[in-house]
Amino acid sequence: MTTGTLNQQQLAEAQRREMIARVIHIVRRVIAYSLLIFLGFVFLFPIIFMVVAAFKPNDRVIADLASAKAFLPNPGDLTMDNINNVFDRVRFGHLMFNSLFTTLVTVIAGLFINSMAAYVLARLRWFGRTFMLSLVVSLIIIPLEAIAVPLMMQVNQMSGLLNIVTLGILVLLTGLLWLIVWNASGKFLSEHDATRSLPNPVINVLQALTMVIIALPLEVLAYFMIGQIDEGGSWLNSYHVQILPFLAEPFSIFLFYQFFIGIPKDFDEAAYVDGAGPFRIYWQIMVPLSRPVIATVAILKFLQFWSFYMWPLMVTRGDEYQPLMVGMSYFQTQAPILWGSIMAYAAMVTIPVLITFLLFQKWFVASVSSSGVKG
Amino acid sequence: MQAFFEKQFGGQRGRDGLMALLMGGPAFLLLVIFMIWPFIRGLDLSTTNQRFDGAAATRLDPWYANYDQILSVNLIQLPDVPDDVPYSAPRAGWYRARTPDCKACEDEFECEIGAEGDTICANNCAQMCEKGDLIFRWRGKSLGEVGLEKWADYEIARNFSLFGNQYAIIAKDPLFWKGLMNNFYFALAVVPVQTALALLLAILVNQKLPYRNVFRTMYFSPVVTAMVIIAVVWKFLYNPEFGLINEMIEFITFGQVKGSDWLQSSTMAMPAIIIMSIWQGVGFQMIIFLAGLQDIPEDLYEASGIDGANMWQQFRFVTLPMLRNTMIFVVLTTTILAFRLFDQVNVMTPDGGPEESTATMVWYAIRQGWTQFSVGYASAISVVFVAIVLIISLIQRSIVREESALDR
């Protein structure tokens, strides 16, 4: 009897404890979530405000500021005026093309150049390798800001020799891309059911077409560059002045180098025994194995060059070659200053990137964390 | 000699050498052309009076004249002469002597340049009075009269009184020092606060809560938004009259706390830029800390839990030591980034802010070299900037090395 009541007491006690634990658990969850949500608001409110203001009439943007309406679209007066106004006042599409073109060429051609350099440093034995490696590592510390002014001086008066060398590098890159695309498309076309039976000349024409189309950005760049060099020595106000100085980057080389030395040497030795040369080993073994580091470098460089501001500001005039970030100043300096239009422009620049980020956020996060852990 | 070439370019090694040249050549050549050579040229240009418009430059005499102009700074005691200047001297402490024209203008309009609330004089005589010759005066006396003729090239960067004496920090180029100090101010505020906040956020989103990835994404989204865009939006938010930030401050405190002038006030402009920069950058650091946190083995927490450690002790004795390398990386990169501060400053306060309160070293170098075409002088500022960045990272690295030596 006594034990029974004791048991009942114990049971009640246990239930009570469980209740308390549950309440504590819920309270902690509530606190944690309210903190998380509050912080989420802190981090998102300027972006929400920007997007909402982009769709409001100009006078409402300021009138709504005093209340929570600043974050809410008014169903009554949603308007596309601001966006139309952006298109009226600047060549938005052209600015967008400039930004995309310079950013994508810098990122993709940069991936090539830097990973090849890293492979050369990590795997090949050649005179001066250790010196070059330490040079690259020590260059990481030199920020662009430190050389911007002399670099501007230099690109303004490029000597003939430097023009030829840089153009040569661009041509070499284009040729390399042609070679790769030629081989890959040849392999694809001769194996694919639909095209296998085609006669050889037709396949070759198709190969050449894909080659020219895929390498189009580099070809366009080379075309512009030749035209500008022909006109005079200055590189100012062009696409290549925004691209070529930033293709090779010590930090990217370093990230690739670190990844490559982690790949077991057995892989390339096996390929070497099979008769593969250094370029084939690089292209067919190292590159497919290094997808994570390619994504890392691509995303970090994309973020850096999409928001690139100081250098384009210094070397471009007028909207012919200016990227979006520099074009923004037009709305801030030319009357009338309409905050609705400014917010619309900001939103139109930001939203595509935000959507890309949301789609590939796992890659973004992975790239950022791997830039830190190893650095 | 032949043996050397044989060794470098013959056989397997030779083929490697050739491929190294072909594959690595583009990157190494570009690095030389666009990084190393401009750097060396910058060293050379910094000793000249080169201008961007292409006018012939001459080597300065002495060659370090630019550096002398940038780096000359001194602390002097100001002589205690009676102040017989009828109006408050300009900010710079010693001021340009009034020319007869200026004096005549003041007499004509019966006003005083610099007197508070005197707009007549400002409107009519300001320009005339500005064109005074460059002889500085201190309290109505020419510098020679009070024994300061040595410092005629200098301007007062800041003056203060200590034990009843007037002292002044004087520099040949006060704006450079102002920029350097602003950089330190920015770094000293941003580095600790951003690192601590990032760690806090990382711990918060590392809890095993459903939907934590949603919050991680939210906190990271400012990082993928371009700094220029953010700066423009925040410039609007910081507006003293109708800015959202002031409205929110007044709303939250029920109107008890009045908002600030932010970018238009010399004391709040830098904090405004600091807050925005932390807001933008903290997500990046959070992700790096998150990776560090997830590398800590779970057993360490279990073991310390069994030993009776509470949450704070676990954080102090497990989390922090295990995050040491991550912490070092974050602090190093944030510090270097702080000294490269330019974009936000140039967008939000293109003229360097009220009383140059947001001018930074890089901003100043770009202004000299790009806006004012003084490439030689700007190159010298850039060289000093690199030297400062190098010194800071060397100091940080040596501290790190000492600590890891202690650990062993």
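Residues numbered from 1 in each chain as written. Chains lettered and ligands numbered in written order. Predicted model: local features only at pLDDT ≥ 70, side-chain atom pairs only at ≥ 80, totals over all residues. Heavy atoms only, no water.

Some details on the overall build of chain B
Phase 1 of the analysis: Along chain B, the regular secondary structure elements total 16 helices and 6 strands.
Phase 2 of the analysis: For chain B, with 408 residues in total, the buried portion stands at 49%.
Phase 3 of the analysis: Expressed as a percentage of contacts within chain B between residues at least 6 apart in sequence, the contacts between residues at least 24 apart total 66%.
Phase 4 of the analysis: Just so you have it, chain B exposes about 20700 Å², and 59% of that area is on carbon and sulfur atoms. (Helix = DSSP H or I, 4+ residues; strand = E, 2+ residues; numbered from the N terminus. Buried < 20%, exposed > 50% of the residue type's maximum accessible area, 1.4 Å probe, protein only. Contact = heavy atoms within 4.5 Å. Areas by Shrake-Rupley, 256 points an atom, 1.4 Å probe, with all protein chains shown as cover.)

Regarding the packing of helix α11 (residues 298-306) of chain B against helix α12 (residues 311-322) of chain B
Residues and elements named next belong to chain B.
Phase 1 of the analysis: Direction vectors running N to C along α11 and α12 enclose 160 degrees, while the axes themselves pass 10 Å from each other. With respect to their mutual orientation, α11 and α12 come out roughly antiparallel. Every pair of crossing elements has a handedness; the one defined by α11 and α12 is right-handed. Contacts between α11 and α12 involve Leu300, Tyr301, Ser304 and Gly305 from the former and Gln314, Val318, Thr319 and Met322 from the latter.
Phase 2 of the analysis: Residues that form the contact of α11 with α12 fall into these classes: 4 nonpolar, 4 polar and no charged. (Axes fitted to C-alpha atoms, helices over the stretch in contact; angles between N-to-C directions. Parallel < 35°, antiparallel > 145°, perpendicular 65-115°, else oblique. Left-handed = near helix turned anticlockwise from the far one by under 90°. Nonpolar A, V, L, I, M, F, W, Y, C, P; charged D, E, K, R; others polar.)

Quick look at the confidence of the model for chain B
In regions of low pLDDT, the predicted coordinates are not meant to be interpreted in detail.
Residues and elements named next belong to chain B.
Phase 1 of the analysis: The predicted model of chain B averages 82 in pLDDT, with 83% of residues at 70 or higher.
Phase 2 of the analysis: Averaged pLDDT values for the elements of chain B fall to 55 in strand β2 (residues 95-96) and rise to 93 in helix α6 (residues 174-206).
Phase 3 of the analysis: This model gives residues 88-92 a pLDDT under 50, and the stretch forms 6 contacts once residues within four places in sequence are excluded. (pLDDT = per-residue confidence, 0-100.)

Description of the packing of aromatic side chains
Two aromatic rings, taken as a pair, are described by how far apart their centres are and by the angle between their planes.
Residue and element names in this part refer to chain A.
Phase 1 of the analysis: The tally for this structure, following the rule as stated, stands at 41 aromatic pairs over all chains.
Phase 2 of the analysis: An angle of 10 degrees between the planes, with centres 6.0 Å apart, marks the rings of Phe112 and Trp283 as stacked. Here Phe112, found in helix α4 (residues 92-123), pairs with Trp283, found in helix α14 (residues 278-289); they are 171 residues apart in sequence, far enough to count as distant.
Phase 3 of the analysis: Aromatic pair Phe305 and Phe308: ring centres 5.0 Å apart, planes at 80 degrees, arrangement edge-to-face.
Phase 4 of the analysis: Of the residues examined, Phe308 reaches a relative accessible area of 12% and is grouped as buried. (Phe/Tyr/Trp six-rings, centres within 6.5 Å; stacked < 30°, edge-to-face > 60°.)

A few points about the sheet that holds strand β1 (residues 73-77) of chain B
All names here are of chain B.
Phase 1 of the analysis: In space, the 3 strands of this open sheet follow the order β1-β6-β5, with antiparallel pairing throughout. Two strands lie at the open edges of the sheet, namely β1 and β5 (155-162), each paired on one side alone. With strand direction ignored, the average angle separating the axes of adjacent strands in the sheet is 20 degrees.
Phase 2 of the analysis: Pairing of β1 with strand β6 (residues 165-171) involves 5 bridges; the strand directions are antiparallel. (Pairing = 2+ DSSP bridges.)

What about the interface of chain A and chain B?
Phase 1 of the analysis: Between chain A and chain B, the residue contacts involve 105 residues of the former and 91 residues of the latter.
Phase 2 of the analysis: When chain A packs against chain B, close to 9000 Å² is buried across both sides, 80% of that on carbon and sulfur atoms.
Phase 3 of the analysis: If you sort the residues of chain A by the area they bury against chain B, Leu36(A), Phe43(A) and Met153(A) come out on top, with a joint share of 8%.
Phase 4 of the analysis: Of the charged contacts in the structure, one is a salt bridge between Glu145(A) and Arg340(B), with a shortest N-O distance of 2.9 Å.
Phase 5 of the analysis: Taken together, the connections running from chain A to chain B amount to 8 residue pairs in polar contact (both at pLDDT 80 or more).
Phase 6 of the analysis: Of all the elements, helix α1 (residues 2-54) of chain A adds the most residues to the side of chain A that touches chain B, at 18 residues.
Phase 7 of the analysis: Taken together, the residues that form the side of chain A that touches chain B break down as 85 nonpolar, 14 polar and 6 charged. (Buried area = accessible area lost by both parts, 1.4 Å probe. Salt bridge = Lys/Arg side-chain N within 4 Å of Asp/Glu carboxyl O. Polar contact = N/O pair within 3.5 Å; in protein donor to acceptor, adjacent residues only side chain to side chain.)

Concerning the nonpolar core
Phase 1 of the analysis: Formed by 224 residues in total, the largest nonpolar core has its most connected members in Phe49(A), Trp311(A) and Tyr345(A).
Phase 2 of the analysis: If you tally residues by element for this core, the top one is α4(A), at 17 residues.
Phase 3 of the analysis: Sequence-distant contacts of Tyr345(A), defined by excluding residues within four places in its chain, comprise Val86(A), Val90(A), Phe92(A), Leu95(A), Leu324(A), Gly327(A), Met328(A) and Phe331(A).
Phase 4 of the analysis: In this structure, Leu148(B), Tyr154(B), Ile156(B) and Ile170(B) belong to the second largest nonpolar core, which totals 10 residues. (Core = buried A, V, L, I, M, F, W, Y, C linked by side-chain atoms within 4.5 Å.)

Notes on the environment of Leu121(A)
Phase 1 of the analysis: Relative to the elements of secondary structure, Leu121(A) occurs in helix α4.
Phase 2 of the analysis: C-alpha of Leu121(A) to C-alpha of Tyr257(A): the two residues are 136 residues apart in sequence and 7.1 Å apart in space.
Phase 3 of the analysis: Look past the residues within four positions of Leu121(A) in its chain and what remains in contact with it is Trp126(A), Arg129(A), Met132(A), Leu133(A), Val136(A), Ile253(A), Tyr257(A) and Phe28(B).

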